[in-house]
Structure formats: C-alpha cells, structure tokens
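Examining the three-dimensional arrangement
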Amino acid sequence: MRKIILSVAVAAMALSTTASALEDIKVNGQAKLWYETNDVGVGTDSNSLFENKAGGTSGEIVFKLGVTGKQGNVGFGATLYNTTDLGLTGEALTATRSDTTNSDMFLGEAYVTAPMGSMASLKLGRQELNTPFLFTETWNALPNTFDAAVVTVKPMNDLSLVAMYVGQDNADTNFKVDGAARTSIFGGALVVGALYKNSAFDANFWYTNVGNYNNPNTTLVTEDETLSAFYLDAGTKVANVNLRAYAATVDGSDSEKSTEAYALSAGTKVGTFDLFAAASTTTDDGHHSVANISTVNKKSFLPTEAVYTDGLYVAHPDSTAFKVKASTKLGSTGIALQVVDNSNDTTATKETTEFDLFLTDKFGDFSTTAILMHRSFDKDAEDDAQGGIYARFIVALNF
C-alpha cells in the first residue's frame, strides 16, 4: 500500500510540473457514509437493529477524489479512494463494509483516452465498465473497476460498436464484494458489443468470452473453464408505456448445458407516479447464473432485481421472478416502494420475497438515501435465518 501512496505522490508532482501543457482539468469528489443494520438471525446469532455486532452492522466512510484532463487529443482520468470504518463495525469485525483494509488508499481508476482515426477511440487502463457480464456495481460503499482496453467505433450516429479486452477487476486485489474471500475469478475476457438507438427503438447486443473462469461459490464446476455468454435487449415505446425484452445465455466449456434467461419489463407514468413491472425466468439445467461474472453473480442486468434479491437469486438457474415498483415525490422527498418474489423449484435457498422502501432527499449539499427492507424465505430454505428487517443509510457530500 505504501507503493501505491508513493506512486500517487510522484504522479501529483509530475502533474504539477506539466500543468501548463494540460487542458480541461476538472476535479470532482465525494465524501460518503455507508451504514447498514439488521435484526436477522436466530438464537445466539440473532442481531438487533443498530447493534454494533458482526453480522448485524456494517459501515464505512469513503473519500473519493477524481481528476480528468487532456493534452492535445490524449485524455486521462484518475480516481483515488480512501476508506475507514470509524469504529462503525465494532471489534468483532476487522474490515470495513467493502472489506478493504481499514484506512486503505488505492486508485480505483487510472486511464488514458485517445482517438483512433475519425470514427474510433481507445480507453486504456483501470476504468468502470457497463457490459452485461462484466460491469461496475455501485450499490456498495466502493465500486469495482477493471483493467481493460476498450475500443469504440461509431460508423453512424445511431450505431456504436465496442470491442474490449478485460484483464481483471479490483474486487480481487483491493476489496471483496459481499464479504467472501476472493482469489482470481477469471484470467482475461474478450467482449464485443453493438449498440443501436434511434428516436423510436433501441437494441443492445453483447458477446463475452471469459477464460480460466473459476466460481468459488459453486460445486457444479470444479475446475477452470471457458465461459461464452450472449446478451440482447431491445426496447420501444407504445402509447405511454416503455416496453423492453431481454434474452441471455451463459455456456461453460465444462458444463453439460447452458443457462438461458428471458425477461420482459414495462414502465409508465400515471399522474405523479412512475409505475414499473417486470418478469424473468431462467432455465433449470444450466450450471451458471446469468449475472456479473466479476462479482460472482452479485448483480445482473435482469429487470427483476431487488436490493438483496439480486443476481444471486433472480439470475440463478431455474428461477422465476416478478417485480412491481411504484415511485413518486412528496415535496423534495423521493419515495419508492417495490416488491420482488423469486421462486426456484430446484434450489430451496432461492425461494424468497422482498419488500423495499426507498426514501431520497437533499439537505443543502448533502444527498441522503434510506432503504428499509423486509426479506422472507421458504420455510425449508437454508437462508431462512437471513429473513427479517434490514435498514441501509447513505449520506453523500459531492463536490
């Protein structure tokens, strides 16, 4: 970690000596408190709300500082993070919410950009990505980012073509996602995409090939393998309703059959209310979830996710999920209520229902989010002890 801090200092000195040659220098930052508590568990392992106990409380203060700029046609960006738990997690926990080392400092992003002719551009280095099977998740105290080379080509205004090589993400090197000990999940990936959008219709197609994949959360695949994954979504507007269809498949070289996922969603506005409904289903004979490979299936692109009932549930093989959401504003306060029900005929631990209430507001320069959750499970599910109330609070100061 001292090497990283030293590198940042050297980079800062180098930047100061060449500042006159740089253009468009922009600095942005955020200070954020992320805190969650729950009343779940059974017997001596049960928790109480706001109890400073391992498994019942997690929290983190994150300071983020980013800078972007350019010199001629070459651009650059860097994002520095510093984390601390400020004692929020108690003596029983030895790490912050995102499981970094307490008071850890590291570079979340460090990239350069450059044009490649009149229609193409390159982005090289550690960066955020947004592809269906390798993407940056922003729900946690810290986001995961990727070491990647991304080439984007725009042959016409309505069409973008993307090709990228993804080496690894910092969930393996800087922090763990969702608390599980992590080793390398994959040994490099090739991703290509075609994104089309006009005034009446849009569609996104992605193909992902992941080498040396090893999922530590499953016993179905016991050795490294190659994954091939396809994803397609398309949407249009009919009257006042936004309609979208989704299809995806993941196939492993060591798997007998692929996992397929299909989903539909519809959203509309009625008075001051935004209404949304979605349904999804996955096939029952696959060995892989149709979700984010880099975070071991934590989140997915399926429209049926809740806060905790996410890719680990709705994208798991043999899951069928339904989601209904309504949101509005009461004065300056945003209010949203959603319910997600996920059933699974082959894995009892995935049988769950979740209710979520979201409250968002802004007080001066402070943005606040409160999420109240209630989770329940099938009575035979091993996860039944996780049923109960969860409360998450996020306060952010952006500059």
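How each quantity is defined
Residues numbered from 1 in each chain as written. Predicted model: local features only at pLDDT ≥ 70, side-chain atom pairs only at ≥ 80, totals over all residues. Heavy atoms only, no water. Helix = DSSP H or I, 4+ residues; strand = E, 2+ residues; numbered from the N terminus. Buried < 20%, exposed > 50% of the residue type's maximum accessible area, 1.4 Å probe, protein only. Contact = heavy atoms within 4.5 Å. Areas by Shrake-Rupley, 256 points an atom, 1.4 Å probe, with all protein chains shown as cover. Salt bridge = Lys/Arg side-chain N within 4 Å of Asp/Glu carboxyl O. Pairing = 2+ DSSP bridges. Patch = residues over 30% accessible without salt bridge, like charges linked within 9 Å, V, L, I, M, F, W, Y side chains within 5 Å. Core = buried A, V, L, I, M, F, W, Y, C linked by side-chain atoms within 4.5 Å. Polar contact = N/O pair within 3.5 Å; in protein donor to acceptor, adjacent residues only side chain to side chain. Phe/Tyr/Trp six-rings, centres within 6.5 Å; stacked < 30°, edge-to-face > 60°. Lys NZ or Arg CZ within 6 Å of the ring centre and 35° of its normal. pLDDT = per-residue confidence, 0-100.

**Points about the overall build of the protein chain**
Summing up its helical and strand segments, the protein chain has one helix and 18 strands in all. Across the 399 residues of the protein chain, 44% fall into the buried class. The contacts in the protein chain between residues at least 6 apart in sequence include a share of 55% that link residues at least 24 apart. Total accessible area on the protein chain is roughly 19200 Å²; 59% of this is exposed by carbon and sulfur atoms.

**Concerning unusual backbone geometry**
At Asp24, a residue that is not glycine, the phi angle is positive and equals roughly 55°. Structurally, the position occupied by Asp24 is in strand β1 (residues 23-38).

**Digging into the pattern of salt bridges**
Counted under the stated rule, the structure contains eight salt bridges. The closest approach of N and O atoms between Arg126 and Asp147, which form a salt bridge, is 2.9 Å. Of the two residues, Arg126 is situated in strand β5 (residues 120-127) and Asp147 in strand β6 (residues 146-156); the sequence distance between them amounts to 21 residues. In this structure Arg126 comes out as buried when scored by relative accessible area, which is 16%. Residue Asp147 is classed as partly exposed on the basis of its relative accessible area of 34%. Of the charged contacts in the structure, one is a salt bridge between Asp285 and Lys257, with a shortest N-O distance of 3.6 Å. Taken together, the residues span a long stretch of sequence, with Asp285 in the loop between β13 (273-282) and β14 (319-330) and Lys257 in the loop between β11 (241-252) and β12 (259-270) at a distance of 28 residues.

**Some thoughts on the pairing of β6**
Bridge count for β5 against β6 is eight bridges, and the pairing is antiparallel. Each residue of the ladder has a partner; that of Ala120, found in β6, is Val153. Bridging between β6 and strand β7 (residues 159-169) involves nine bridges; their strand directions are antiparallel. Residue pairing for β7: Thr152 is matched across the bridge by Val162.

**A short note on the pairing of β1**
Of the pairings in the sheet, the one linking β1 to strand β2 (residues 57-71) comprises 13 bridges and is antiparallel in character. Among the inter-strand pairings, Trp34 is bridged to a residue of β2, identified as Glu60. As judged from the nine bridges shared by β1 and strand β18 (residues 388-398), these two strands associate in the antiparallel manner. In the sheet register, Trp34 faces β18, and the bridge partner there is Ile394.

**Remarks on a nonpolar patch on the surface**
Residues Ile25, Val27, Phe63, Leu65 and Phe399 make up a contiguous nonpolar surface patch of about 460 Å² in total accessible area. Taken together, the elements giving at least two residues each to the nonpolar patch come down to β1 and β2. Checked against the element boundaries, Phe399 lands in the segment after β18.

**As for the nonpolar core**
Judged by nonpolar contacts, the single largest core of 30 residues is most densely connected at Phe133, Leu134, Met164, Val166, Phe186 and Ile293. Contributing elements (two or more residues each) for this core: β6, β7, β8 (189-197), β9 (201-213), β10 (225-238), β11 and β12. The contact partners of Phe186, leaving out residues within four places of it in the chain, are Leu134, Val166, Gly167, Gln168, Val210, Gly211, Asn212, Tyr213, Ile293 and Ser294. Core analysis: the next-biggest nonpolar cluster, separate from the first, contains eight residues, Val307, Tyr308, Ala336 and Phe358 among them.

**Points about the environment of Leu264**
Examined against the element boundaries, Leu264 turns out to sit in strand β12. Exposure remark for Leu264: the relative accessible area of 57% places this residue in the exposed category. Each C-alpha atom of the pair Leu264 and Ala277 lies 8.5 Å from the other, and the pair is 13 residues apart in sequence. Apart from the residues within four sequence positions on either side, Leu264 is in contact with Arg244, Ala245, Tyr246, Ala277, Ala278, Ala279 and Pro303.

**Observations concerning the environment of Ser280**
By secondary structure assignment, the location of Ser280 is in strand β13. Among residues more than four places away in sequence, those in contact with Ser280 are Tyr262, Ala263, Leu302, Thr304, Val314, Ser319, Thr320 and Ala321. Here the side chain of Ser280 touches Thr304 through a polar contact of 2.8 Å, side chain to side chain.

**Some words on the packing of aromatic side chains**
Within this structure, the stated rule accounts for eight aromatic pairs. When the centroid spacing of 6.4 Å and the interplanar angle of 50° are considered together, the rings of Tyr313 and Phe377 count as tilted. Of the two residues, Tyr313 is situated in the loop between β13 and β14 and Phe377 in strand β17 (residues 366-377); the sequence distance between them amounts to 64 residues. Pair check on accessibility: Tyr313 and Phe377 agree, each one buried. Pairwise contacts between aromatic rings join Phe135, Tyr231 and Phe301 into one cluster. Sitting over the face of the ring of Trp139, Lys299 holds its NZ or CZ atom 5.3 Å from the ring centroid. Across from the ring centre of Tyr313, 4.8 Å away, lies the NZ or CZ of Lys350, which sits over that ring.

**Some words on the confidence of the model for the protein chain**
Regions with low pLDDT should not have their predicted coordinates read in detail. Of the residues in the protein chain, 81% have a pLDDT of 70 or more, and the chain-wide mean is 85. Taken element by element, the predicted model of the protein chain shows its lowest mean pLDDT in helix α1 (residues 2-17) (50) and its highest in β13 (98). Here residues 1-6 is modelled with pLDDT under 50, and outside its nearest four sequence neighbours on either side it reaches six contacts, counting other chains as well. Residue range residues 173-183 is modelled with pLDDT below 50. Its contacts to residues more than four positions away, or to other chains, number 35 contacts.

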